[in-house]
Amino acid sequence: MMATIGRRRARTIALAAGLAGVLAAVTACGGGAGEEGESGEITLVVETFGNFGYDALIQQYMEENPGITVEERNTQRLEDYGPQLLQNLAAGSGAGDVVAIEEGQIEQIMAANEQFVNLLDHGAGELQGNFLSWKWERALTQEGDYLVGLGTDMGGLAMCYRADLFEAAGLPTDREEVGEQWATWDDFIAMGEEFVENSDAAFVDNTTIPYSTIVNQLGGQQGGYTHFDPSGELVVETNPVIRQAFDQAVAIGEAGISANLEEFTEDWTAGLQQSAFAVTTCPAWMLGQIQDGAGEDLAGSWDVAATVPGGGGNWGGSWLGVPAQSEHPEEAAALAQFLTSPEGHISAFQEANTLPTSPEALQSPEVLEYTNEYFSDAPVGEIYGTTALELEPVYLGTLEVPVRTAIQNQLRAVENGDLTPDEAWEQAVAEAEAEAR
Amino acid sequence: MRTTGPPTPGETHERPRPSHRTRTSSKARDGSAGWRVRLTKADMRYSPYLYVAPFFVLFAIFGLFPVIYTLWISLHDWTLLGGQEAFVGLDNYAYLLFEDTRFYNALFNTLGMFVLATVPQLLIALLLADLLNRRIRFRGFFRVSVIFPYVTSVAATALVFGQLFGRDYGLINYVIELVGLPPVNWQSGRLASWSAVSIMVDWRWIGYNTLIYLAAMQAIPKDLYEAAAIDGASRMRQFWQITIPMLQPTILFTVIISTIGGMQLFTEPVMFGGGDYDGGSQAEFQTIAMYMFSEAFGRQDYGYGSAVAWIIFVVIILFSLINVLFVQRIRSAV
């Protein structure tokens, strides 16, 4: 009897001791969260990847809204940013108040829309006219009553090239002439072969960027989808455009004109600075990436050609959403609306050349007449803006990113000499199926 | 700390006791003597559990619960954002064990890198410890220096090594080319990538193991060596026949710690691969921990990722047991 009392007491005390420990741990954690000052000041975190061109906008917003501090938390690579965002969403904490959602992830996030604040509850409904219709609809549920994100940019295609290296290798340097000469990807390869004969640099950075480009071009031209059909089925083996894009990318590698530098890695950036390659596909957002990576030393060396071998297309583009976990959803929604307003699109375009998805911004003189000093004063507003209104993006499945990465890995293996093209294709199909199972 | 009540029988030496004694001792005074004796017995018997309780309570919350919860998740279709979907029983495990070649590839890589990293690591640590155990100049300085790589953050180490092993602009390839050899594409192919990752791992862990061996060596009685020296045993012979056998329990400890670390190898290969969980274009250096991440966070199949996590757990236990058997055999052979 007495022993039982002792045991119970010991248990109670153990529990109390344990709880005390937990309390200590919990309160220790709680200390960091109180970002609000006494005067009602709040801090909003905007999470982006690559270069969204929001410096000036954030500055302006803080000046116009005293009491709100806006911080931008930027992750350079989408490959790092995307999974981190999903983890933070799943964990219920850690995501910013306003987060960028890339097109490769939008389907996934639409399938879990309750993770985000419904922007229609915050007066976004009247903003529909500010966006191209597809951009608006892809972040809206089928029923049309839940809006997850507001469109930022899109990835209308052009080509960036090093005019100085072209000249040294005896190739044309004029934007129009360059574009005319690479009307098709086979022309592009022929041009690259001529280039590498007369230059130390490689022609193109890798075969994986051409793959992404070609898959988006062909997908847009034939059926409107790529790795997944609109019912969400994996169609890598049955959709002919995948094999065509794969073979074309392999051909680029076999022509010996690629620098075999994986995009957006440190090696790629180093290659950019060391002039290791002379051409890359430039969706509008890539201009900011190149300028950041190559640095001021190469200002005026790059130029932009409007013609993409094989025709136009769209690659990339994002939305801004407010995670449901945000402590300040009202203020965050207001900030997202500010950043995605037509004026916001114009400012971001001027800073990082991210192509607006706002028709008003696309038709504004600020965009259409914009020339980029870094890219040899190329009229990038005209180059991207004129085709943007007609662009129809391709459908992307929920597992678009892992499937595309799996296929690109095989292309890299071919370039490394680890696989033959046929082995690589077999492997690509198998890996894609394993990813999408 | 000490309570106010009179010394109780059975309490032979001072030790801190919980304050609840203060309250109970006044009650005990007007009760029978048996009360107090029983209480003392209870105290003797249960206090130790109380003292260790905080750890176990915290372990239960932050260690055991996640482990059990992971098991629960692994029995479901469970997506990262969508959450729990359907109970699938052992389907995840069945696919993992019988169909998933990618898992076995990752397992093979993990074991390969474990062997490639651990064997030289422990051998070098043993030799270094033996050197540092001798009377050499600046002994204190060298002893402190070996631990520096260990206190450096893994991410920083991996970042620097990642640049050293760069294919086009890395320092190591620069040196290799100076010597006149063709540059190595460190990210491609098993041998190259495994070596690079193993060097990173060893850089970090050699010092740690050296210090552990050194501490154990200092506990070996000097007269053993003196007696051996009188009998004419060389330093080499002393090392193999006195040091190594005396270090046997320590070696077992380091082998098991290395096994656990090696099976969970993650940060180094991830940073080496530029932050991807793919581990190279052909998954040449994808470890099972990376595979777990790529399934749970890349494919967002939380259920399957959890199954991988559990299999990793089982694999670690298996290999630790194999180690114990292996080292015991060495002991009986010596």
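Please read all numbers here as calculations on a predicted model, not as lab measurements.

S.K.: Sorry if this is basic, but what is going on with the overall build of chain A here?
M.R.: Looking only at helices and strands, one finds 19 helices and nine strands in chain A. For 437 residues, the compact-globule formula gives about 22 Å, and the C-alpha radius of gyration of chain A, at 25 Å, lands near that figure. Across its three principal directions, the C-alpha atoms of chain A cover 95 × 55 × 45 Å. Out of the 437 residues belonging to chain A, those deemed buried represent 57%. Carbon and sulfur atoms provide 47% of the accessible area of chain A, an area that totals close to 17200 Å². For chain A, the separation between the mean place of its 14 positive charges and that of its 71 negative charges on side chains is 20 Å.

S.K.: So what exactly am I meant to see when it comes to the overall build of chain B here?
M.R.: The helix and strand inventory of chain B stands at 14 helices and two strands. With 334 residues in all, chain B has 44% of them scored as buried. Long-range pairs, those at least 24 residues apart, make up 64% of the contacts in chain B with a sequence separation of at least 6. Looking at chain B as shown, the accessible area adds up to about 18300 Å², and 69% of this sits on carbon and sulfur atoms.

S.K.: In this structure, what is going on with the UniProt feature "transmembrane region" (unreviewed entry) in chain B? I would like to understand it.
M.R.: All names here are of chain B. Here, the residues flagged by UniProt with the feature "transmembrane region" (unreviewed entry) are residues 49-72, 106-129, 141-165, 246-266 and 307-327. Helix makes up 100% of residues 106-129 and strand 0%, whereas the separation of the span's terminal C-alpha atoms amounts to 33 Å. Secondary structure within residues 307-327 divides into 100% helix and 0% strand; the distance between the first and last C-alpha atoms comes to 30 Å.

S.K.: Could you clarify how one ought to interpret the domain arrangement of chain A in this entry?
M.R.: Where the parts come together, the accessible area they lose is often given as the size of the interface. Residue and element names in this part refer to chain A. Here chain A is partitioned into domain 1 (42-154 + 317-368) and domain 2 (156-314 + 392-435). Computed over C-alpha atoms only, the centres of domain 1 and domain 2 are separated by 27 Å. Counting from both sides, the interface comprises 17 residues of domain 1 and, opposite them, 19 residues of domain 2. At the junction of domain 1 with domain 2, the criterion picks out zero salt bridges. Along the contact surface separating domain 1 from domain 2 lie four residue pairs in polar contact (both at pLDDT 80 or more). Those elements giving two or more residues to the side of domain 1 that touches domain 2 turn out to be α4 (103-110) and β4 (149-162). With four residues, the single largest contributor to the side of domain 1 that touches domain 2 is α4. Looking at side-chain class alone, the side of domain 1 that touches domain 2 contains four nonpolar, eight polar and five charged residues.

S.K.: Would you mind going over the domain arrangement of chain B with me for this structure?
M.R.: Residue and element names in this part refer to chain B. Segmenting chain B into domains produces domain 1 (20-74) and domain 2 (92-333). Computed from C-alpha atoms alone, the centre-to-centre distance between domain 1 and domain 2 is 40 Å. Across the boundary between the two partners, domain 1 contributes five residues, which contact eight residues of domain 2. Summed over both partners, the interface of domain 1 with domain 2 buries about 540 Å², with 71% contributed by carbon and sulfur atoms. Where domain 1 packs against domain 2, one counts zero salt bridges. Where domain 1 touches domain 2, the interface holds three residue pairs in polar contact (both at pLDDT 80 or more).

S.K.: Sorry, what's going on with the environment of Gln350 of chain A here?
M.R.: All names here are of chain A. If you trace the backbone, Gln350 turns up in helix α14 (residues 342-352). Residue classification places Gln350 among the partly exposed residues on the basis of a relative accessible area of 37%. Gln350 sits 16 residues away from Glu366 along the chain, and the two C-alpha atoms are 8.1 Å apart.

S.K.: Looking at this model, I keep getting lost on helix α2 (residues 33-74) of chain B. Mind explaining?
M.R.: If you look at α2 of chain B, its biggest bend is around 45°, right at Ala53 of chain B, and the proline Pro54 of chain B turns up within four residues after that. By the burial criterion, the buried members of α2 of chain B are Leu39, Thr40, Ala42, Asp43, Tyr46, Ser47, Leu50, Ala53, Gly63, Ile73 and Ser74 of chain B.

S.K.: How do you make sense of the UniProt feature "domain: ABC transmembrane type-1" (unreviewed entry) in chain B when you look at a structure like this?
M.R.: Using the residue numbers shown here, the UniProt feature "domain: ABC transmembrane type-1" (unreviewed entry) corresponds to residues 107-323 of chain B. Helix makes up 75% of residues 107-323 of chain B and strand makes up 0%, while its end C-alpha atoms are separated by 17 Å.

S.K.: Help me understand the interface of chain A and chain B, please; the structure alone is not making it clear to me.
M.R.: Across the contact, 45 residues belong to chain A and 38 residues belong to chain B. Of the roughly 3500 Å² buried where chain A meets chain B, counting both sides, 53% is carbon and sulfur surface. At the junction of chain A with chain B, the criterion picks out four salt bridges. In this structure, Arg437 of chain A and Glu295 of chain B form a salt bridge, with 3.1 Å as the shortest nitrogen-oxygen distance. Viewed at the interface, chain B and chain A are joined by 14 residue pairs in polar contact (both at pLDDT 80 or more). Breaking the side of chain A that touches chain B down by element, the ones donating at least two residues are α1 (2-30), α3 (78-91), α4, α11 (266-273), α18 (400-416) and α19 (421-435) of chain A. For the side of chain A that touches chain B, the leading source of residues is α1 of chain A, giving eight residues. A class-by-class count of the residues in the side of chain A that touches chain B yields 20 nonpolar, twelve polar and 13 charged.

S.K.: Would you mind going over the nonpolar core with me for this structure?
M.R.: Across soluble globular proteins, nonpolar side chains have a tendency to be buried as a group. Phe166, Trp182, Phe203, Val304 and Tyr384 of chain A are the most contacted members of the largest nonpolar core, which has 89 residues in total. When residues of this core are assigned to their parent elements, the largest contribution, seven residues, is made by helix α10 (residues 240-254) of chain A. Both domains that meet at this core, namely domain 1 (42-154 + 317-368) and domain 2 (156-314 + 392-435) of chain A, each give it at least three residues. The next biggest cluster of nonpolar side chains, apart from the first, holds 50 residues, and it includes Phe116, Leu119 and Leu339 of chain A together with Leu81 of chain B.

Here is what the cut-offs are and how they apply
Residues numbered from 1 in each chain as written. Chains lettered and ligands numbered in written order. Predicted model: local features only at pLDDT ≥ 70, side-chain atom pairs only at ≥ 80, totals over all residues. Heavy atoms only, no water. Helix = DSSP H or I, 4+ residues; strand = E, 2+ residues; numbered from the N terminus. Rg over C-alpha atoms; globule rule 2.2 N^0.38 Å. Buried < 20%, exposed > 50% of the residue type's maximum accessible area, 1.4 Å probe, protein only. Areas by Shrake-Rupley, 256 points an atom, 1.4 Å probe, with all protein chains shown as cover. Lys, Arg positive; Asp, Glu negative; His and termini not counted. Charge placed at Lys NZ, Arg CZ, Asp CG, Glu CD. Contact = heavy atoms within 4.5 Å. UniProt positions renumbered as here; feature names shortened; annotations may be inferred. Domains from an automatic or database assignment. Salt bridge = Lys/Arg side-chain N within 4 Å of Asp/Glu carboxyl O. Polar contact = N/O pair within 3.5 Å; in protein donor to acceptor, adjacent residues only side chain to side chain. Nonpolar A, V, L, I, M, F, W, Y, C, P; charged D, E, K, R; others polar. Buried area = accessible area lost by both parts, 1.4 Å probe. Bend = angle between axes of the 7 residues up to and from the residue. Core = buried A, V, L, I, M, F, W, Y, C linked by side-chain atoms within 4.5 Å.

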